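Each chain, written out:
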Amino acid sequence: MAIFNRHKFEKLVVHKSKTLAWAIAFLSGILMALTTAPVNAWLLAWVALAPLWILVVSYERPVQEVKQPKFFLLPASFFLLPSLWGIGYHGLALSWIMGIHPMTWLGVPWWPSLAIALFCWAFIALWGAALVAVWAWLFVIFNSLTLQGKNPIVILNSSPLQGGAGGGKAQFLALTRVLIGTALWCALESIWSTGSLWWTSLSYTQSPHNLAILHLGQLSGPSAVTAAIVAVNGLIAEAFIEGRKKKEEGRRKNWIAYIVPASLCLVLHIAGWSLYNRPLNPEAATALKIGIIQGNIPNEIKFESGGWRRALEGYTTGYKQLADKKVDAVLIPETALPFIWTNEYQRSILSFYQAILERGVVAWVGGFAQQDNSITNSLLAIARTGEIVGRYDKLKLVPLGEYIPFYNILGGIINRLSPLDAHLVPGNSKQLFDTPFGRAIVGICYDSAFAEIFRYQAANGGEFMITASNNAHYKPPMLDQHHALDVMRAIETDRWAAIATNTGYSAFVNPRGETVWKSRINTYEVRDATIYRRQTQTLYVRWGDWLTPVLLVLAGLMRFIVKD
C-alpha cells in the first residue's frame, strides 16, 4: 500500500509540474502578444521568450515514455510547450481577425459567418504555433548533435541540452545554443514569410515605438530585429539555467551572467540609434506634395449603388480640394472606387475621372483591373491626360477574403466571400510602378506584412513609398498593427511614405519611422504633406536578408567546434 501511495504521489508531482510548465509557456506567449497593439508593451518582448527557452532546454521526458526512443521523435508533452506559447502569442496578437464577423454584407448568414471567423482565427493561431513547435524540435535536434554520443531522447531525460558540462565549457555550450536558437528562429520566419499567412514576426513587436532597434532592419530587414530579440531572450534564459544549476550544486549564484544579455541589448540599441540619428537632408528639388483622401465608406455599403455614389462624391470633392492646394498627386485607398479602371468606357463616365481631366493632377487610384478573364486588386497611376501610366496589382491576396485556398475542395463548402463575379488573381512578384515623378514603391493592404515586396522595388529604383489599404471590417488593434508594419517598411527601405486607408489609419511617415501625420478612425479626411524622393540604398535593400544564412553557417561551424 505504501508503494502504491508513493507511486501515486510521484505521478501527481509529475502531472502538476507538467501543468505548471504548460501554464508558464502559454502565459509567456500572452506576454509576447501584449507587445503589440492595443497594449504596445514592447519592452516585454525582450524577456517573454526566455521562459519558453528555459522550459525547452530543461524539459525532462517522463520515464514511462522512454521506451524504444527514436532520434527524431519527441513526446507530445514536449511539443505542447512551444505550441501553447505560439497559441498565446499568435492567437492573442491576431484576435482582431474576428472583426470580419459578421459578413452579412457579403451575403454570408450570421452563424456561418461566425464559424468562418472562428475557423480563420484558430487556423492562423495554430499556423503560428507550428512555427514555434518546429523551432523547439529543431533546437533540441541540432543542439543534441553538438554532444558526442547523445541523442534528443537521452538528453531529454538527463539535464537536457546541458551535457553535464561545467565551467568555461558550459558557457561555450550556452552561447552555442543561443546562436543555434537565433539562427533557427530567423530561418523559420523567413520560410513562413514566403507563404500566404504571415503577419506576426517577432520584429513587429517593436513597431512603431522602439525606432532605435527597428533601424537594425536597414541592415538585414526584419530578421535583424528578430535575431536581436531572440538572442537577448536566449542569453537571459541561459543565465537563469546556469544560476539554477549552481544553486542545485550548492554554489553561490553569479548575477554577472545577466550582464551579458543586458550589454548585448544596450549595444544593439546604440547601433540602431546611430542609424536613426543620421540626417535626412531633404532637398527641395526632390519634394513632392502629396494629397491623401480617407473616404470612410463602410464595407456594408461599399459595393452597393448607394456606396458607389457616396464614394464618387467624397473622393471627387476631396480631389478637387487637393487640386486647389496645388498638390503634385492624390492618393486614394485600396478599391476606393471599385470599378474596372482598365475599361476605358467604364472609367470615362466616372466623376472622379472627369475631375482628373479638368484639374490635371495625377491620381493614384485604388480600384480593379482586368487580366484575361480574371480581376486584379490594383493601384493605377492616372496621368493628367487621363492615361494609365502605371499599374500595381496586389501581390498578397487575403485567404478566404479575396481567394479560397484549395478552391476545388473548399469552394463548394463556403463559396467565395468576394462580391466580385470573377476570381481575383495576384500580381507579378517582379512588377514595378512608374509615375510621372519617378518610380514608386507600392504595397496594397496585406502586402505590408511582406518586407521583400518593398525591398525588391527599392532595389530597382523606387524613390518613395505609397500604400493603399481598406481595413474597414477590422477592429482598431489591426489598424494600429498595420500602421506598425508600414513604419517598418519605410525604415527598411529608407523612404518617405504616404499611406491611404479607407477608415484609418492614413498617415505620412518619414524614413526614420516617425509618423508626421496620422488620421483618426472612421472619419472622412483630406490631408496633404510634402514627402521627398530618395535614391539611397540600405544594406538590406542591396543584399536582402544576408543575416539569416550567415547565422546558420556560424551555427553549423559552432556545432562542429563544440562536438570536437
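All of the points below concern the structure found in this document. Since the model is a prediction, treat every value here as computed from it, not as a measurement. (Residues numbered from 1 in each chain as written. Predicted model: local features only at pLDDT ≥ 70, side-chain atom pairs only at ≥ 80, totals over all residues. Heavy atoms only, no water.)

Focus: the sheet that holds strand 7 (residues 438-444)
With mixed pairing, the six strands of this open sheet are ordered in space as 6-7-8-9-10-11. Since the sheet does not close on itself, it has two edges, and those belong to strand 6 (433-435) and strand 11 (515-518), each with one partner. On average, each strand axis in the sheet is tilted by 20° relative to the strand beside it, whichever way the strands run. With five bridges connecting them, strand 8 (residues 464-469) and strand 9 (residues 497-501) associate as parallel partners. Note that in strand 9 the partner of methionine 465 across the bridge is alanine 497. The strands that helix 16 (residues 451-459) touches are strand 7 and strand 8; relative to strand 7, the one it contacts most, it runs at about 175°. In the packing of helix 17 (residues 476-493) onto the sheet, contacts are made with strand 7, strand 8, strand 9, strand 10 (507-509) and strand 11, and the angle to strand 8 comes to roughly 160°. (Pairing = 2+ DSSP bridges. Helix = DSSP H or I, 4+ residues; strand = E, 2+ residues; numbered from the N terminus. Axes fitted to C-alpha atoms, helices over the stretch in contact; angles between N-to-C directions. Contact = heavy atoms within 4.5 Å.)

Thoughts on the pairing of strand 9
For strand 9, the buried fraction is high: five of the five residues fall into the buried class. Across the two faces of strand 9 the burial is the same, with Ala497, Ile499 and Thr501 and Ala498 and Ala500 all buried. Judged from the three bridges that link them, strand 9 and strand 10 form a sheet pairing that is antiparallel. Residue pairing in the sheet places isoleucine 499 in a bridge with alanine 507 of strand 10. Here strand 9 folds back onto strand 10, and the loop between the two strands holds five residues, one of which, glycine 504, carries a positive phi near 120°. (Buried < 20%, exposed > 50% of the residue type's maximum accessible area, 1.4 Å probe, protein only.)

Regarding the side chain of asparagine 299
Residue position: asparagine 299 is located in helix 11 (residues 299-302). There is a polar contact of 2.5 Å between the side chain of asparagine 299 and the side chain of histidine 473. (Polar contact = N/O pair within 3.5 Å; in protein donor to acceptor, adjacent residues only side chain to side chain.)

Some details on the sheet that holds strand 12 (residues 525-532)
The strand order across the open sheet formed by six strands is 5-4-3-2-1-12, and the pairing between neighbours is mixed. The open sheet is flanked by strand 5 (388-393) and strand 12, the only strands paired with a single partner. With direction set aside, neighbouring strand axes in the sheet form an average angle of 35°. Sheet topology places strand 1 (residues 287-294) next to strand 2 (residues 329-331); three bridges connect them, and they run parallel. When the sheet's bridge partners are listed, isoleucine 292 is paired in strand 2 with leucine 331.

Re unusual backbone geometry
Trans is the common state for peptide bonds, and a negative phi is the common state for residues other than glycine. For the peptide bond that leads from alanine 37 to proline 38, omega is 15°, which places it in the cis range. One can find proline 38 in the loop between helix 1 (2-33) and helix 2 (50-58). That bond from serine 207 to proline 208 is cis: its omega, 5°, falls within 30 degrees of zero. Looking at the secondary structure, you find proline 208 in the loop between helix 6 (167-192) and helix 7 (211-214). You will see that asparagine 281, though not glycine, has its phi angle at about 50°, which is positive. Take asparagine 281: it is sitting in the loop between helix 10 (259-276) and strand 1.

With respect to helix 12 (residues 305-324)
End to end, helix 12 covers 29 Å across 20 residues, agreeing with the expected 28 Å (1.5 Å per residue, within 8%). All of the buried residues along helix 12 are Gly307, Ala311, Leu312, Gly314, Tyr315, Thr316, Gly318, Tyr319, Leu322 and Ala323. Where helix 12 is buried, its residues touch strand 1, helix 11, strand 2, helix 14 (351-359), strand 3 (362-371) and strand 12. A positive phi of about 65° marks lysine 326, the residue just after helix 12. (Expected span 1.5 Å × (residues − 1).)

Details of the nonpolar core
Formed by 128 residues in total, the largest nonpolar core has its most connected members in Trp364 and Ile466. Ile332, Phe339, Leu350 and Ile382 belong to the second largest nonpolar core, which has 25 residues in total. (Core = buried A, V, L, I, M, F, W, Y, C linked by side-chain atoms within 4.5 Å.)

Considering the side chain of glutamate 492
By the element assignment, glutamate 492 lies in helix 17. For glutamate 492, a relative accessible area of 2% corresponds to the buried category. Only 2.9 Å separates the side chain of glutamate 492 from the side chain of arginine 489, close enough to count as a polar contact. With residues up to four places along the chain from it excluded, the contact list for glutamate 492 reads Gly217, Gln218, Gly221, Pro222, Ala451, Thr538, Tyr540 and Val541.

What to know about the packing of aromatic side chains
One pass over the structure, following the stated rule, counts 23 aromatic pairs. For the ring pair tryptophan 199 and tyrosine 446, a centre distance of 6.4 Å and an interplane angle of 20° mean the geometry is stacked. With a gap of 247 residues between them, tryptophan 199 in the loop between helix 6 and helix 7 and tyrosine 446 in the loop between strand 7 and helix 16 connect regions that are remote in the sequence. A single burial state applies to tryptophan 199 and to tyrosine 446, both of which are buried. An angle of 85° between the planes, with centres 5.2 Å apart, marks the rings of tyrosine 446 and phenylalanine 450 as edge-to-face. We classify tyrosine 446 as buried; its relative accessible area is 9%. Among the aromatic residues, those joined into a ring-pair cluster are Trp53, Trp85, Tyr89, Trp135, Phe139 and Trp185. The ring of tyrosine 276 has arginine 512 lying over it, and the distance from NZ or CZ to the ring centre is 5.5 Å. Its guanidinium or amino end placed over the ring of tyrosine 505, lysine 518 lies 4.1 Å from that ring's centre, counting from NZ or CZ. (Phe/Tyr/Trp six-rings, centres within 6.5 Å; stacked < 30°, edge-to-face > 60°. Lys NZ or Arg CZ within 6 Å of the ring centre and 35° of its normal.)

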